[in-house]
Each structure stands twice: as structure tokens, then as C-alpha cells.
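In case you want the letters, here they are:
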Amino acid sequence: MLDIKWIRENPEAFDTALKNRGLEGAAQSVITLDEARRKAIQDVQELQNRRNQLAKQIGDAKRQGENTDALMKEAGLLRDTLSHEEEQSKALEEKLKLVLDLLPNMPSMDVPIGSHVEDNVVVHLWGDRPTFPFPAKQHFDIGEKMGLMNFEEGAKLSGSRFVVLKGALARLERAIGSFMLDVHTQEFGYLEVSPPYLVRAQAMYGAGQLPKFAEDAFVTTNDYWLIPTAEVPLTNLVAEEILEASQLPLRFVAYTPCFRSEAGSAGKDTRGMIRNHQFHKVELVSIIAPEFSENEHQRMLRAAQSILERLEIHYRTVILCTGDMGAFPQKTYDIEVWLPGQNTYREISSCSNVGDYQARRMNTRFRDEEKKTRFVHTLNGSGLAVGRTLVAVLENYQQEDGSVVIPSVLRPYMGGESLIKV
């Protein structure tokens, strides 16, 4: 959520930021609505003051035995007018809130301006693309040949975009998640959290998922929402709190399933594990004072990058342009892993600095050293998407006979095994 005061004071910067995101400028319409809301509040306050005055005048007149008919008549008319004005004020308040809820965050000054994925800027490359003396296969061909990755069974149980993993691949998925948790907790100081997978609507709203992205999520018949990412419960751990500066930074990590309806993705990645309705992810969340959020962003990015480097898998890091960036972040880095079976890079992590956008929705503040209360900044990132990391391991470590070499850092989690055989 944006600060309406900032919009009033910076209408040109606000419109420029929206246009850089490929949206129409909205400063004048937002300010006009806010002015109407503020006038309505003022009108209500004036009517309330007059109501209080009338109550005193009526009381005084009764004590002095004076006729109160005219005052009572005015009070009756005022009661109806005040009720109407209060309804109008509430309606304008709700309308402005909805507008602010749907507005995206303002991009940081160093985010490249662009409208397409081609406008993203590569800022880092690590490792080399593997070469094979045979045609590289995609992960689903490898997994299905092993008999350990079954999409037909997933569809029988749950429909399209689900998969059943068995045996060594199920263990490999678990190993990858455990490895990531160990790195992030033991080397980067994140606190491991096991959060609920079902949350209330308020938690989805606080993280920015509602109302804008309701169609991308799953909701139960009794109004619980399945988390689209552990970012939702982790960030909301501090909702409605005033933290002390000494408590910051807070760094959380969780390994959870994630549930997404993939609305609007018909025909995209229909085969394989790239775009499923259910997948596992290790999520990183930081809660921090604003002056340290940029440094924290780089630290989080480094934590995510380190996973692929330890797995010895080639990747690149890109900074997303204004038109390709999500609605919440001020700035986002995507880590894109090389998949030789697809002969392309695919996103495996997004690390975002959200600024105070979520904090305003959650009403999460901290008391600084001068005892001034300010909104925190929140950051989130995949550290990494576990299913896509499994895909990357299968495609980068595949052998001509259909087997897959297990990366050395994962072998302790796989009982010392070095190979998954056909």
C-alpha cells in the first residue's frame, strides 16, 4: 500500500513511476478522490460538533423551562443528515482504500525502465554451461524413464499440473530442501520456521496477495487460503506489531508446499514440473529498518545464489525492468538457472525488496533509536524453488544411459549414494 500523503506531495513522480510500469498515470484521480474523502470527514466532524452543541442547548433550555421544539426539530434533521454523511464518508474511505490496495509499488531509481522480459539486465553470470556427447533430455523424460516421476498418477489424483515423485526422486526433493535449510540457517543466520499452510484472508491481504491476486490462489469453503508461498505467513508473523530497533533485523526461512492456481497460464509449461499447482519452496524473509534494506537485499541474493554455486550449476542473475517486475517490489533480482534439456534459462528464484509496501498493509512498525515510530521494510526471496532445483539437477547431471549423478553436496542427504540409476 502506498502513502496517500506521498502521492499528494509527489504527483508527477507518482505518475512517472506508473508509466514506467506500463500503466496510465493516476495522480489526479487519486488526489481528487482523497480530497472528496477529506472533505466528507470534515463535513461529518462539523455536523458532530453541531450535534454536541444542540445537545447542550437542549439540556440548558430544558433546565430553564424554555421551549425546545425548534431545537429538537433541528436535532432530528441533523441526525438524518449526519447518518447520510457518515455513510458517504465511509464509502469514500473504502473506495480510496481499494484504489490504494490495487496500486503497485514505486520502483527504485536504479531499476531499468522497460516493458518486456527482453529489457531485463543481466548483472551476474556464474559457471559454465555443461556440454554433453549426446542430445540433452528434459527432466520429465529423465524422470519418467526412471519410473520415478509420474504425471498420469498426479492427474488421476488431482488433475493436470500435479506430479507424483517416488523413490530416489522423492528422496532427492527432500534432500534438496534439507540442504537449503541447513545452508540458510547455519551459514546465513536465518531462523527456521514451520508455519501454517492455511491462512486467514487478512494475512493474504497483508502480504499483498489480496485483493489483486485472488484468482491466482486457492481458497477453502470456510475462507482459509492455501499459501502461494511461505512469504505470506512469515511476513505476517510481525503484523500489527511495534518492534524495537534492537530486534531488527529479523530473518526467517521456511520449507513449505506452495499452492497456485496458475490463472492465465493455459498452454504454458503443460509438461513437467516447471509450472505446477503444488510445489515446494524454501522461502527467505527479512524484516529490517529502512536504511539497511538495500544491503539486506544484496545479502539475501547472495544466500540464494550460493545454493546453485554449491550444486555447481550454471546460472545468471538479472535485475527486472519496471514492466516485468511484480506489483509489490521496489526492486527484484531473478536468478535464472540453465536447463540444458530446454536449452534455455528458467527462473529459480526472485529476491525482492518490497520497501514499506507490505508493512503499511500489516501496520508493522519499529521504534528507532530516537524513539520515533516508523514502518519497517520487508524483503523476500526464494532460496530456492525446490522443484525447479530438482529439475536443474536432473538436466545438468544427466548421463547418456539415463542415470543422474547426485551433486556432491547432496550425497550426505542421500545416504552417501552418488548416482540415481534407471
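Up top you'll find the structure we're talking about.
This is a predicted model, so every value here is computed, not measured.

Trainee: Can you walk me through unusual backbone geometry in this structure?
Mentor: Note on backbone geometry: most residues besides glycine have negative phi, and most peptide bonds are trans. Between Leu-210 and the following residue, Pro-211, the backbone shows a cis peptide bond with an omega angle of 0 degrees. In this model, Gly-383 is joined to Leu-384 through a cis peptide bond whose omega is 20 degrees. Mapping Leu-384 onto the fold places it in strand E15 (residues 377-385). The phi angle at Asp-223 is positive, at roughly 70 degrees, despite the residue not being glycine. Assignment of secondary structure puts Asp-223 in the loop between helix H8 (201-206) and strand E6 (225-226). Even without a glycine there, the phi angle at Glu-312 is positive, about 60 degrees. Mapping Glu-312 onto the fold places it in the loop between helix H10 (293-311) and strand E10 (315-319). In this structure Glu-312 comes out as exposed when scored by relative accessible area, which is 54%.

Trainee: Honestly, H10 in this entry has me stumped. Any pointers?
Mentor: Along an α-helix, residues three or four positions apart point the same way, because every turn accommodates 3.6 residues. The first and last C-alpha atoms of H10 sit 28 Å apart over 19 residues, in line with the 27 Å expected at 1.5 Å per residue. Once H10 ends, the next one or two residues include Glu-312, with phi positive near 60 degrees.

Trainee: Would you take a moment to explain the nonpolar core for this structure?
Mentor: One recurring pattern in soluble globular proteins is that nonpolar side chains are buried together. Ranked by internal contacts, the top residues of the largest apolar core, which has 53 residues, are Leu-169 and Leu-172. Looking at this core, the element that brings in the most residues is helix H7 (residues 167-186), giving eight residues. In this structure, Leu-172 is in contact with Leu-390, Val-393, Leu-394, Leu-410, Met-414 and Ile-420, ignoring residues within four places of it in sequence. Core analysis: the second largest hydrophobic core is formed by 30 residues, Ile-31, Met-204, Val-232 and Tyr-357 among them.

Trainee: Looking at this model, I keep getting lost on the side chain of His-184. Mind explaining?
Mentor: With respect to the helices and strands, the residue His-184 is situated in helix H7. Among all residues touching His-184, those that are not within four sequence positions of it are Gly-189, Tyr-190, Val-253, Val-282, Leu-284, Ala-303, Ala-304, Ile-307 and Gly-383.

Trainee: Hey, could you run me through the pairing of strand E9 (residues 278-288) in this one?
Mentor: The side chains of a regular strand alternate between the sheet's two faces. Burial analysis of E9 places nine of its 11 residues in the buried class, the great majority of the element. Alignment of strand E8 (residues 250-259) against E9, held across 10 bridges, turns out to be antiparallel. Pairing of Phe-252 across the sheet is with Val-285, part of E9. Bridge count between E9 and E15: seven bridges; the pairing is antiparallel.

Trainee: Can you walk me through the state of the cysteines in this structure?
Mentor: Disulfides are covalent bonds that connect the sulfur atoms of two cysteines. If you walk through the whole model with that rule in mind, you get zero disulfides. With no disulfide of its own, Cys-258 has Cys-351 as its nearest cysteine by sulfur position, at a separation of 14 Å. Cys-321 carries a free sulfur, and the closest cysteine sulfur to it, the one in Cys-351, is 17 Å from it.

Trainee: Honestly, the packing of aromatic side chains in this entry has me stumped. Any pointers?
Mentor: The geometry of an aromatic ring pair comes down to the distance between the two centres and the angle between the two planes. Under the counting rule described, the total for this entry stands at six aromatic pairs. A ring pair is formed by Phe-328 and Tyr-357, whose centres lie 6.2 Å apart and whose planes are at 25 degrees; its orientation type is stacked. Linking Phe-328 in the loop between E10 and strand E11 (331-339) with Tyr-357 in helix H11 (residues 357-362), this pair joins segments that are 29 residues apart in sequence. The exposure classification of Phe-328 matches that of Tyr-357, with both residues buried. Pairing Trp-338 with Tyr-345 gives two aromatic rings, centres 5.0 Å apart and planes at 70 degrees, and the pair type is edge-to-face. What links up through ring pairs into an aromatic cluster is the set Phe-213, Phe-328 and Tyr-357. The ring of Trp-338 is capped by Arg-129, whose NZ or CZ atom sits 4.0 Å from the centre of that ring. Over the ring of Tyr-205 we find Arg-361, and its NZ or CZ is 4.2 Å from the ring centre.

Trainee: For this particular structure, what's the right way to read the environment of Ile-7?
Mentor: Topologically, Ile-7 is positioned in helix H1 (residues 4-9). Residue class for Ile-7 comes out buried when judged on its relative accessible area of 0%. Here the alpha-carbon distance between Ile-7 and Val-30, two residues 23 residues apart in the chain, equals 8.2 Å. Those residues in contact with Ile-7 that sit more than four places away from it in its chain are Leu-2, Phe-14, Val-30, Ile-31, Leu-100 and Leu-103.

Trainee: Quick question: what am I supposed to make of the pattern of salt bridges here?
Mentor: Enumeration over the complete set of coordinates arrives at 25 salt bridges. Asp-101 is the salt-bridge partner of Arg-361, the closest N and O atoms lying 4.0 Å from each other. Separated by 260 residues along the polypeptide, Arg-361 in helix H11 and Asp-101 in helix H4 (residues 69-102) bring together distant segments of the chain. Judged by its relative accessible area of 4%, Arg-361 falls in the buried class. Owing to a relative accessible area of 6%, Asp-101 belongs among the buried residues under this scheme. Lys-281 is paired through a salt bridge with Glu-283; the nearest N and O atoms lie 2.4 Å apart. Each member of the pair, Lys-281 together with Glu-283, is buried. A single salt-bridge network, built from bridges that share partners, covers Arg-8, Asp-34, Arg-37, Arg-38 and Glu-93.

Parameters and conventions
- Residues numbered from 1 in each chain as written.
- Predicted model: local features only at pLDDT ≥ 70, side-chain atom pairs only at ≥ 80, totals over all residues.
- Heavy atoms only, no water.
- Helix = DSSP H or I, 4+ residues; strand = E, 2+ residues; numbered from the N terminus.
- Buried < 20%, exposed > 50% of the residue type's maximum accessible area, 1.4 Å probe, protein only.
- Expected span 1.5 Å × (residues − 1).
- Core = buried A, V, L, I, M, F, W, Y, C linked by side-chain atoms within 4.5 Å.
- Contact = heavy atoms within 4.5 Å.
- Pairing = 2+ DSSP bridges.
- Disulfide = S-S within 2.5 Å.
- Phe/Tyr/Trp six-rings, centres within 6.5 Å; stacked < 30°, edge-to-face > 60°.
- Lys NZ or Arg CZ within 6 Å of the ring centre and 35° of its normal.
- Salt bridge = Lys/Arg side-chain N within 4 Å of Asp/Glu carboxyl O.

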